[in-house]
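Secondary and tertiary structure notes
Okay, here's what each chain looks like letter by letter:
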Amino acid sequence: MSTTIFDKQALPATEARPDQVRTPGPQRHRPGPGKPVRYGWAIGPVLLLAFWAAGSGLGVFDVRSLPAPWTIADTAGGLVDNGKLQSLLATSAQRALLGLLFGVATGLVLALVSGLSRLGEAVIDGPVQIKRSIPSLALIPLLILWFGIGETMKVITIALGVFVPVYIHTHNGLRAIDNRYAELAETVRLGRLGFVRHVVLPGALPGFLLGMRFAVTGAWLALVVVEQVNATSGIGYMMELARTYGQTDVIIVGLVVYGLLGLVSDALVRLVERRALSWRRTLAG
């Protein structure tokens, strides 16, 4: 009588005894921060807003010192309706973008020269480290004497706050490139430009993008200060004018705008980072 693979009696050796049946054990979890939380970036701000609203509704906060969120929303709506907020925001954004552009370009060029040349490092790295220990805002009195109180001084102050983190992190990314890649480039006879394009720039990209996250934050921080130095436009000017008249709600509107600008700009850099570095396998997922 012929047997088939479905005939269990014909193949008794293939049957597993009860004591040989393996029961699934407890599932092991990979150590790490866990799966990404959807819209996790908004949880913190929403909780902060909820705490603020609850405190205002319960009378915990003095409305003269900290108006309720709905009061701030009403004030912001009035500023938007008369077009004042949009005009001031456009001026502030222009200053921040110009300072960010010049600062990033300066930091990137200096990092490349210093990171790819020992002579360049000897000339550039020391002065940059000195500048790093001096807050950019401490240079405002000197910059006012040199450039006056116009737009040039404001843009330069923002650029000074931007280029240092770009330089530091890009330079560190360059020096952290594995030396084996340089040996491989030499083996395949890769030219200087090819080495920079295929090894240096991809290797320095993670450091550069990390420096960009610090740079965009530094740009908004510097903008807050320079717009309160004899400015006649911008969000900071609106806040300084509101301080003169005791308009706490307008001041908080300005702070909220600055906070949203910083949050959105950082999110954009992180989005670029995820897309550009999608080849990396990290705990961030």
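Before reading on, note that the structure itself is shown above.
The structure reproduced in this document is the subject of the present report. (Residues numbered from 1 in each chain as written. Predicted model: local features only at pLDDT ≥ 70, side-chain atom pairs only at ≥ 80, totals over all residues. Heavy atoms only, no water.)

1. A short note on the overall build of the chain
As a reminder of what qualifies: For helices the rule is a DSSP run of H or I covering at least 4 residues; for strands it is a run of E covering at least 2, with both sets numbered from the N terminus onward. Throughout this description, buried means an accessible area under 20% of the type-specific maximum (1.4 Å probe, protein chains only), exposed means over 50%, and partly exposed covers the range between. Only heavy atoms enter the contact rule, under which two residues are in contact if any of them lie within 4.5 Å.
Tallying secondary structure elements over the chain gives ten helices and zero strands in all. When the 285 residues of the chain are sorted by exposure, 32% land in the buried category. For the chain, the proportion of contacts with a sequence separation of at least 24, taken over those separated by at least 6, is 70%.

2. Some details on the pattern of salt bridges
Short version of the rule: The term salt bridge refers to a side-chain nitrogen of Lys or Arg lying within 4 Å of a carboxyl oxygen of Asp or Glu.
Applying the stated criterion across every chain, the model contains seven salt bridges. The partner of R64 in a salt bridge is D62, with the nearest N and O atoms 3.3 Å apart. The salt bridge partner of E227 is R95, with a shortest N-O separation of 3.0 Å. Placement of E227 in the loop between helix 8 (192–226) and helix 9 (235–244) and of R95 in helix 3 (residues 84–116) is noted, with a sequence separation of 132 residues between them.

3. Focus: the nonpolar core
Basically, it comes down to this: Nonpolar cores were defined as sets of buried Ala, Val, Leu, Ile, Met, Phe, Trp, Tyr and Cys residues, with membership established by side-chain atoms within 4.5 Å.
In terms of nonpolar packing, the biggest core is built from 33 residues, with V162 and I235 touching the most fellow members. Those elements that place two or more of their residues in this core are helix 2 (69–81), helix 3, helix 6 (151–175), helix 8, helix 9 and helix 10 (248–276). At ten residues, the largest contribution of residues to this core is made by helix 8. Setting aside residues no more than four positions away along its own chain, I235 makes contact with L85, L88, L89, S92, E227, G254, V257 and Y258. Within the second largest apolar cluster, eleven residues are counted, among which are V128, L143, F163 and V164.

4. What to know about the side chain of D266
For D266, the position within the fold is in helix 10. Aside from chain neighbours lying at most four places away, what touches D266 is R213 and V216.

5. Quick notes on a nonpolar patch on the surface
Note the cut-off: By definition, no residue in a patch forms a salt bridge, and every one has over 30% relative accessible area; like charges are joined within 9 Å, nonpolar side chains (Val, Leu, Ile, Met, Phe, Trp, Tyr) within 5 Å. In this description, accessible areas are obtained by the Shrake-Rupley approach with a 1.4 Å probe, and a residue is regarded as covered only by the protein chains that are shown.
A cluster of nonpolar side chains, Y39, W41, V256, L260 and L263, forms an exposed patch at the surface whose accessible area comes to about 530 Å². In this fold, W41 is placed in the segment before helix 1 (43–57).

6. Considering the layout of surface pockets
Selection rule: Only protein atoms enter the 1 Å grid used here. Points where a 1.4 Å probe fits but cannot escape make up a cavity, open sets with protein on both sides within 12 Å along at least five of seven lines make up a pocket, and a residue lines them when an atom lies within 4 Å of a point. Grid points are joined across faces, edges and corners, and a volume is the space filled by probe spheres set on the points. Three residue categories are used. Nonpolar comprises Ala, Val, Leu, Ile, Met, Phe, Trp, Tyr, Cys and Pro, charged comprises Asp, Glu, Lys and Arg, and polar comprises the others, including Gly.
By volume, the second largest pocket amounts to about 540 Å³. Counting only elements with at least two residues in the lining of the second largest pocket, the list comes to helix 1, helix 2 and helix 10. It is helix 10 that provides the largest number of residues to the lining of the second largest pocket, a total of eight residues. Taken together, the residues that form the lining of the second largest pocket break down as 19 nonpolar, one polar and no charged.

7. A short note on the environment of G203
Take G203: it is sitting in helix 8. Separated by 27 residues in sequence, G203 and A176 place their C-alpha atoms 8.0 Å apart. Discounting residues that sit within four places of it in the chain, G203 has contacts with G173 and I177.

8. Topic: the packing of aromatic side chains
Formally: Planes of paired rings set the category: under 30 degrees apart is stacked, over 60 is edge-to-face and the rest tilted, where pairs are Phe, Tyr or Trp rings (Trp by its six-membered ring) whose centres lie within 6.5 Å.
In this structure the tally under the stated criterion is two aromatic pairs. Here W146 and F147 contribute two aromatic rings whose centre-to-centre distance is 6.4 Å and whose plane-to-plane angle is 85 degrees, an arrangement assigned as edge-to-face. Assessed through its relative accessible area of 58%, W146 is described here as exposed. Looking at F147, the relative accessible area reads 39%, which means it is partly exposed.

9. Considerations on the packing of helix 5 (residues 140–147) against helix 6
A pair of packed helices can be characterised by two numbers: the angle between their axes and the separation between those axes. Selection criterion: Fitting a line to C-alpha atoms yields each axis, with helices limited to the stretch in contact; the angle taken between N-to-C directions then spans 0 to 180 degrees. Oblique is the label for any angle not under 35 degrees, not over 145, and not in the 65 to 115 range, which are roughly parallel, roughly antiparallel and roughly perpendicular in turn. Take the far helix as the reference: if the near one is turned anticlockwise from it by less than a right angle, the crossing is left-handed, and if turned clockwise, right-handed.
The interhelical angle for the contact between helix 5 and helix 6, taken along N-to-C directions, is 140 degrees, at an axis separation of 9 Å. Classed by the angle they form, the pair helix 5 and helix 6 counts as oblique. Helix 5 and helix 6 meet at a crossing whose hand is right-handed. For the pair formed by helix 5 and helix 6, the contact residues are I140, L143, I144 and F147 on the first element and T152, M153, I156, T157 and L160 on the second. The residue inventory of the contact of helix 5 with helix 6, partitioned by class, reads seven nonpolar, two polar and no charged.

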